[in-house]
Amino acid sequence: MNLFRICGIQLSVHVSFLLLLAYVAWEGWTAAAWQGAVWTLTYMLALFACVTLHELGHAFAARRFGVQVPRILLLPIGGMAEMDSIPRKPREEIIIALAGPAVNYVIIAVLMIFVRFPAGWNPMYFSLTTAELMRHLVLVNLVMGVFNLLPAFPMDGGRVFRALLAMRMPYLKATQTAVGVGKIIAMAGAAYLLYKGIYLGALLFAFIIFAGSRELQSVIRTEQAAEHWRQFQARLAPPLEAPSTEPPHRVL
Ligand SMILES: [Zn+2]
């Protein structure tokens with residue numbers, strides 16, 4: 001579902017996002033009737049506003065390097081900025097990847113002007129107040145800022161890892177290595193969260209494994225197409241620009 005455009009970028013939510021809102025409203029209602037439902041819904045919408053700002057961080061950084069970002073999509077497991085390409089220059093990919101978590105740290109810095117954490121604060125036992133909501137937003141931005149920096153490609157930390165590898169080895173090998181490491185981390189994370197009964201988190205790791213494989217396939221196809229084109233060109237003159245075969249890329 002398309003919501004609205006932000007500086008030319010379409011903000012969309014997946015239909016399943018409504019299920020998530022209905023679920024958290026129900027959880028809030030069973031805990032504390034209307035007051036609970038309003039609190040949990042407000043919290044969830046504020047949380048996804050932060051997710052959107054995180055994705056906008058990626059999007060605006062990418063635009064600086066000439067990348068088109070037609071859409072930001074929100075899912076119950078998080079958000080993604082869809083880009084027409086990922087720059088192969090490691091420095092540019094690192095800046096785009098770090099721009100997302102950087103936004104979370106800016107949000108924390110702004111919130112901390114207003115928020116105080118009482119001694120012995122326990123996030124599991126909370127009152128339905130605005131102050132408590134702000135404290136939880138600080139906490140969830142910290143989780144987003146740290147979690148996204150895990151070197152599990154194609155998460156932000158994984159992109160930084162791939163870019164650092166690509167400074168020392170061919171792009172394809174760097175991607176293969178980053179995807180391999182990412183799969184190990186994601187499988188360990190999924191197993192742990194399944195054990196803990198956090199199914200949405202486990203689903204996120206499953207998605208990371210899927211998205212990593214897809215992006216690796218995309219890089220392999222691009223390399224093969226470029227190689228065919230080089231061989232074709234060797235027999236033809238004048239030299240031509242290789243056509244792009246890359247499908248849309250998703251920066252989480
Ligand atoms: Zn991100």
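Remember, predicted model here, so these are calculated numbers, not experimental data.

## Considering the overall build of the chain
Part 1: When its secondary structure is counted, the chain shows 6 helices and 5 strands.
Part 2: Secondary structure elements of the chain, listed N to C terminal, follow the sequence β-β-α-β-β-α-α-α-α-α-β.
Part 3: In terms of overall dimensions, the chain has a C-alpha envelope of 75 × 40 × 35 Å along the principal axes.
Part 4: Split into buried and exposed, the 252 residues of the chain put 29% on the buried side.
Part 5: Residue pairs at least 24 apart in sequence account for 59% of intrachain contacts in the chain once pairs closer than 6 positions are excluded.

## Brief notes about unusual backbone geometry
Part 1: With an omega of 10 degrees, the peptide bond running from Phe153 to Pro154 counts as cis.
Part 2: With a phi close to 50 degrees, Cys7 is a non-glycine residue in the positive phi region.
Part 3: Along the chain, Cys7 falls in the loop between β1 (2-6) and β2 (9-13).
Part 4: By C-beta crowding, Cys7 is classed as exposed, having 9 other C-beta atoms within 10 Å.

## Observations regarding the environment of Gly212
Part 1: Examined against the element boundaries, Gly212 turns out to sit in helix α6 (residues 199-234).
Part 2: Judged by the 23 C-beta atoms lying within 10 Å of it, Gly212 falls in the buried class.
Part 3: Gly212 has contacts with Phe153, Pro154, Val179, Gly182 and Lys183, leaving out every residue within four places of it along the chain.

## Some remarks on the nonpolar core
Part 1: Of all hydrophobic cores here, the largest spans 45 residues; its most connected members are Ala59, Ala62, Val69, Ala81, Met83 and Ile208.
Part 2: Elements represented by at least two residues in this core include exactly β2, α1 (16-64), β3 (71-75), β4 (78-83), α2 (90-111), α4 (156-166), α5 (171-196) and α6.
Part 3: Sort the elements by how many residues they give to this core and α6 lands first, with 7 residues.
Part 4: In this structure, this core is formed jointly by two domains, domain 1 (1-149) and domain 2 (151-245), each of which donates at least three residues.
Part 5: Once residues within four sequence positions are removed from consideration, Ala59 is found in contact with Ile9, Val69, Ile72 and Ala81.

## Some remarks on the domain arrangement of the chain
Part 1: Domains assigned within the chain are domain 1 (1-149) and domain 2 (151-245).
Part 2: Computed over C-alpha atoms, the centres of domain 1 and domain 2 are 24 Å apart.
Part 3: On the side of domain 2, 14 residues touch domain 1, which itself brings 13 residues to the contact.
Part 4: Counting residues per element, the side of domain 1 that touches domain 2 draws most heavily on α2, which supplies 7 residues.
Part 5: Residues that form the side of domain 1 that touches domain 2 fall into these classes: 8 nonpolar, 3 polar and 2 charged.

## Concerning the sheet that holds β3
Part 1: With mixed pairing, the 5 strands of this open sheet are ordered in space as β1-β2-β3-β4-β5. Each of the sheet's edge strands pairs with one partner strand only, and the pair in question is β1 and β5 (249-251). If you compare each strand with its neighbour and ignore which way they point, the axes differ by 25 degrees on average.
Part 2: Across 3 bridges, β4 lies against β5 in antiparallel orientation.

Quick notes on the rules
Residues numbered from 1 in each chain as written. Predicted model: local features only at pLDDT ≥ 70, side-chain atom pairs only at ≥ 80, totals over all residues. Helix = DSSP H or I, 4+ residues; strand = E, 2+ residues; numbered from the N terminus. Buried ≥ 20, exposed ≤ 12 C-beta atoms within 10 Å, placed from the backbone. Contact = placed C-beta atoms within 7 Å. Core = buried A, V, L, I, M, F, W, Y, C linked by C-beta atoms within 7 Å. Domains from an automatic or database assignment. Nonpolar A, V, L, I, M, F, W, Y, C, P; charged D, E, K, R; others polar. Pairing = 2+ DSSP bridges. Axes fitted to C-alpha atoms, helices over the stretch in contact; angles between N-to-C directions.

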